[in-house]
Amino acid sequence: MTIPAPHSEAVADGHPMWLPEAVTGELRDRTVTVLGEGAVLDTLRAEVARAGMSEVRADADLLIAPFDVVEDAPEGLGPEAFFHRVREGRTVIAYGGPNGALYGWFHHLRHLARGGGELASTQEPLHELRMLDHWDNVAVHPHMGQVERGYAGGSIFYDDGRLREDLSRVGAYARLLASIGINRVTINNVNVGPREARLLTDDLGTVERLAAIFRSWGIRTHLSINFASPLTLGELDTSDPLEPAVQRWWRDAAARVFTRIPDFGGFLVKADSEGQPGPYAYGRDHADGANMLARAVAPFEGLVHWRAFVYNHRQDWRDRTTDRARAAYDTFVPLDGRFDDNVILQVKYGPLDFQVREPISPVIPGMTRTRVALELQVTQEYTGQQQHAVYLGPQWSEILAFRPTGDDATLAEAVQGGIAAVSNVGSDDFWTGHPLAQANLYAYGRLAWDPTLDPGTILDEWIALTFGADDQVRRGIRSILDDSWRTYEMYTAPLGVCFMVSPLNRHYGPDVDGYEYSAWGTYHFADRDGVGVDRTVKTGTGFTGQYSEPWASRYESVDTVPDELILFFHHVPYTHRLHSGSTVIQHIYDTHFAGVERVDEMAVTWDELEGRVPSDLHRRVGERLAEQRRSAIEWRDQINTYFWRKSGIADEAGRTIY
Ligand code: GCU
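Remember, predicted model here, so these are calculated numbers, not experimental data. (Residues numbered from 1 in each chain as written. Predicted model: local features only at pLDDT ≥ 70, side-chain atom pairs only at ≥ 80, totals over all residues. Heavy atoms only, no water.)

1. Focus on the domain arrangement of the chain
It is common to give the size of an interface as the accessible area that goes away when the parts come together.
Here is step 1 of the chain: Taken domain by domain, the chain consists of domain 1 (21-123), domain 2 (130-469) and domain 3 (490-647).
Here is step 2 of the chain: The C-alpha-based centres of domain 1 and domain 3 are spaced at 46 Å. (Domains from an automatic or database assignment.)

2. A closer look at helix H8 (residues 286-297)
Here is step 1 of the chain: With twelve residues, H8 ought to run about 16 Å at 1.5 Å a step, and its terminal C-alpha atoms sit 17 Å apart, in line with that.
Here is step 2 of the chain: Most of H8 is tucked away: eleven of the twelve residues are buried.
Here is step 3 of the chain: Tucked into the core, H8 has its buried residues touching strand E13 (220-225), helix H7 (244-260), strand E14 (266-269), strand E15 (303-307), helix H9 (327-332) and strand E16 (343-348).
Here is step 4 of the chain: Where H8 begins, the capping side chain belongs to Asp285, and its oxygen is found 3.1 Å from the backbone nitrogen of Ala287. (Helix = DSSP H or I, 4+ residues; strand = E, 2+ residues; numbered from the N terminus. Expected span 1.5 Å × (residues − 1). Buried < 20%, exposed > 50% of the residue type's maximum accessible area, 1.4 Å probe, protein only. Contact = heavy atoms within 4.5 Å. Polar contact = N/O pair within 3.5 Å; in protein donor to acceptor, adjacent residues only side chain to side chain.)

3. Description of the layout of surface pockets
Here is step 1 of the chain: Looking at the largest pocket, its volume works out to about 760 Å³.
Here is step 2 of the chain: As for the largest pocket, its lining consists of 37 residues, and the residues nearest its centre are Met144, Glu148, Arg149, Asn191 and Glu274.
Here is step 3 of the chain: When residues in the lining of the largest pocket are grouped by element, the largest group, four residues, is from strand E8 (residues 136-141).
Here is step 4 of the chain: Per-class residue counts for the lining of the largest pocket are 16 nonpolar, nine polar and twelve charged.
Here is step 5 of the chain: Structurally, the lining of the largest pocket is a two-domain feature, drawing no fewer than three residues from each of domain 2 (130-469) and domain 3 (490-647).
Here is step 6 of the chain: For the lining of the second largest pocket, the secondary structure elements donating two or more residues are helix H1 (39-50) and helix H2 (98-113).
Here is step 7 of the chain: Considered class by class, the residues forming the lining of the second largest pocket number eight nonpolar, six polar and nine charged.
Here is step 8 of the chain: Residue assignment places the lining of the second largest pocket across two domains, with domain 1 (21-123) and domain 2 (130-469) each supplying three or more. (1 Å grid on protein atoms, 1.4 Å probe; cavity = no way out; pocket = protein on both sides within 12 Å on 5 of 7 lines; lining within 4 Å. Points joined across faces, edges and corners; volume = space filled by probe spheres on them. Nonpolar A, V, L, I, M, F, W, Y, C, P; charged D, E, K, R; others polar.)

4. Remarks on the sheet that holds strand E4 (residues 82-87)
Here is step 1 of the chain: Strand order across the open sheet formed by six strands is E2-E1-E3-E5-E4-E6, with mixed pairing between neighbours. What marks the edges here is a single partner per strand, and that holds for strand E2 (54-55) and strand E6 (119-123).
Here is step 2 of the chain: Sheet analysis places strand E1 (residues 31-34) next to E2, joined by two bridges and oriented parallel. Residue pairing for E2: Val32 is matched across the bridge by Glu55.
Here is step 3 of the chain: On the sheet, H2 packs against strand E3 (62-66), E4, strand E5 (90-95) and E6 and is oriented at approximately 35° with respect to E4. (Pairing = 2+ DSSP bridges. Axes fitted to C-alpha atoms, helices over the stretch in contact; angles between N-to-C directions.)

5. Points about the pattern of salt bridges
Here is step 1 of the chain: Scanning the model with the defined rule gives 39 salt bridges in all.
Here is step 2 of the chain: For Arg85, the salt bridge identified is with Asp72, shortest N-O distance 3.2 Å. Within this pair, whereas Arg85 is found in strand E4, its partner Asp72 is found in the loop between E3 and E4, the two being separated by 13 residues in sequence.
Here is step 3 of the chain: Overall, the relative accessible area of 13% leaves Arg85 in the buried class.
Here is step 4 of the chain: A salt bridge links Asp240 to Arg284, with the shortest nitrogen-to-oxygen separation between them at 2.9 Å. Here Asp240, found in the loop between helix H6 (229-232) and H7, pairs with Arg284, found in the loop between E14 and H8; they are 44 residues apart in sequence, far enough to count as distant.
Here is step 5 of the chain: On the basis of relative accessibility, which here comes to 10%, the residue Asp240 falls in the buried class.
Here is step 6 of the chain: Classification of Arg284 as partly exposed rests on a relative accessible area of 25%.
Here is step 7 of the chain: Shared partners join several salt bridges into a network, and the residues in it are Arg114, Asp460, Asp471, Arg474, Arg475, Arg478 and Asp482. (Salt bridge = Lys/Arg side-chain N within 4 Å of Asp/Glu carboxyl O.)

6. Some details on the site of the ligand
Here is step 1 of the chain: As a structural note, the neighbourhood of the ligand is formed by 14 residues, with Glu148, Lys270, Arg307, Lys348 and Glu381 the closest of them.
Here is step 2 of the chain: At a separation of 2.5 Å, an oxygen atom of the ligand approaches a polar side-chain atom of Glu148.
Here is step 3 of the chain: The contact in question runs from an oxygen atom of the ligand to an N or O atom on the side chain of Glu381, over 2.5 Å.
Here is step 4 of the chain: According to the grid-proximity analysis, the pocket containing the ligand is the largest pocket.
Here is step 5 of the chain: Grouping the amino acids of the shell around the ligand by side-chain chemistry returns four nonpolar, two polar and eight charged. (Near = heavy atom within 4 Å. Sits in = over half its atoms within 2 Å of the grid points.)

7. Observations concerning the packing of aromatic side chains
Here is step 1 of the chain: Here the structure, examined in full by the defined rule, presents 34 aromatic pairs.
Here is step 2 of the chain: Ring centres of Phe258 and Phe300 lie 4.7 Å apart, and the angle between their planes is 10°; this geometry places the pair in the stacked category. Of this pair, Phe258 sits in helix H7 while Phe300 is found in the loop between H8 and E15, placing the two residues 42 residues apart along the sequence.
Here is step 3 of the chain: Accessibility expressed as a relative area gives 30% for Phe300, which makes it partly exposed.
Here is step 4 of the chain: One aromatic cluster is present, formed by Phe402, Phe543, Tyr547, Trp551, Tyr555, Phe568 and Phe569 through successive ring pairs.
Here is step 5 of the chain: Its end group placed over the ring of Phe525, Arg320 keeps NZ or CZ at 3.8 Å from the ring centre.
Here is step 6 of the chain: Here the basic side chain of Arg535 rests over the ring of Phe568, its NZ or CZ set 4.3 Å away from the ring centre. (Phe/Tyr/Trp six-rings, centres within 6.5 Å; stacked < 30°, edge-to-face > 60°. Lys NZ or Arg CZ within 6 Å of the ring centre and 35° of its normal.)

Below, the structure is given as structure tokens:
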């Protein structure tokens, strides 16, 4: 088996996503000069050749060169920065380092796809670490399959216990990721089973092969590890992080990895979380555990991404004092300042679990002496599982723009450890199951690069690259996707109540009480008078007290809490009047009826695009929209009926509720 050349026609058997041949069309037969050496520059040379350009020594139409040889190029920028100028028919891409050259090239393609024109701009990512995490299993997991929370077929890396024979898809994927500025990838699931744990030991060769593909696109490879490996792989009788033999085991393991993969990124760890092992078994805390691993990879400049997703999943629903929302803060904030510099605490954006609407996790602003990374979920576990068209750009943009202490830094600026997200791709022909879910992967990369980008502009870029310059297609897809996240919110769990999803059907579809009497946490407390979780300091679980001002006070009071989060923070009567003027119960009815109507409109708009987009893609999206409609109606009717039966309050508009 050979590693495919980075420029191979790797997507021959799959959709090209946002890099179809057409995007380089107008560069064919033009001339280019590429200055610089190394693996990533070789990749770039292959890219320009693939575009049909010919390399010349001087007077080229396109010059790609390091900052220091380009006159007027900016100074003092990092290796991923580039300067892009188009003037009088000539283009200059000046770069800080090899990745900057690659990013500048793809930026130029974006520019051409959107009509080109003269410009001069300097780009540098806000964060050094822009990561995608794969929840891919090596062996097929009995409940989760090949990809945990995967909605796009099998893994592009593994197939039934082995690395895939044909890795051409991985090459194509790496190219797509490089084109949106992703520079780190974790290749295996955070839930590390016995088979996956061996990636670090016996199976290192497979990791080495994947890392070689990613490396040629400027992407460094990371591995999820199992904290108990020294014990479970049978070599020691403990995995106590303070035990010298355990520390030695990890140092040796790290040395082996870095010998074979010198640019290896490091370890991603889910410890003491949902049944994964961790330091608690030995009476140690998360700083003990994380630092032990950090010291093993530190000599090689490796990183440890330690996840903050720690909570008690063996709760008693009768116990009203346990609040899962509090757990990460209670666990980690007391440890602030104790983590080594190469530990990054990876925190989900909300205190619970990638719900369609949650407040920002207070852990992120709460840990000022720790490098914190924000974790997002591109795979649509709780947002329609790539059956529903849900564009997450607006959600992420809102999260990134949130100001945790009022007027100071945005959340995007506050996260010193960069951004990570769970990938949504698989072996599916369209990569993402729902073809329009490709936009989420694209938007994630673009926002990780520049969190201030407008999600609508990002969509315009993605549409232009993917479908070309047809304005009806652009307007149609924009009208389907622009508000699709809010539409999904409208027909699913209302006003910040979380988890009304089916535990038995892998979190797909409505189940209002599915988690209400569950050991994993309780979420709505609906009774005949009202609904919501009292998380106030005054009368509830005290969660609002984990925020800084102005949010602590704003969330504490029903008068100032934002409507969309009221039920996350408060238990209120159905007749409580929202800032919108509507009562809670009427809001529930109205949004659920309107949500389904919006899905109907999406389907009509999509029908009108028939013949303007590839027919197989049109068919696939059409089928998914039909399923979205069926599911949205089910959500609407179950939620409305549930609350009508609980409250006995009729819909003011007299619509059908069962
Ligand atoms: C969610 C998801 C799990 C996943 C977990 C995590 O709970 O349902 O499949 O393992 O998040 O982020 O670790």
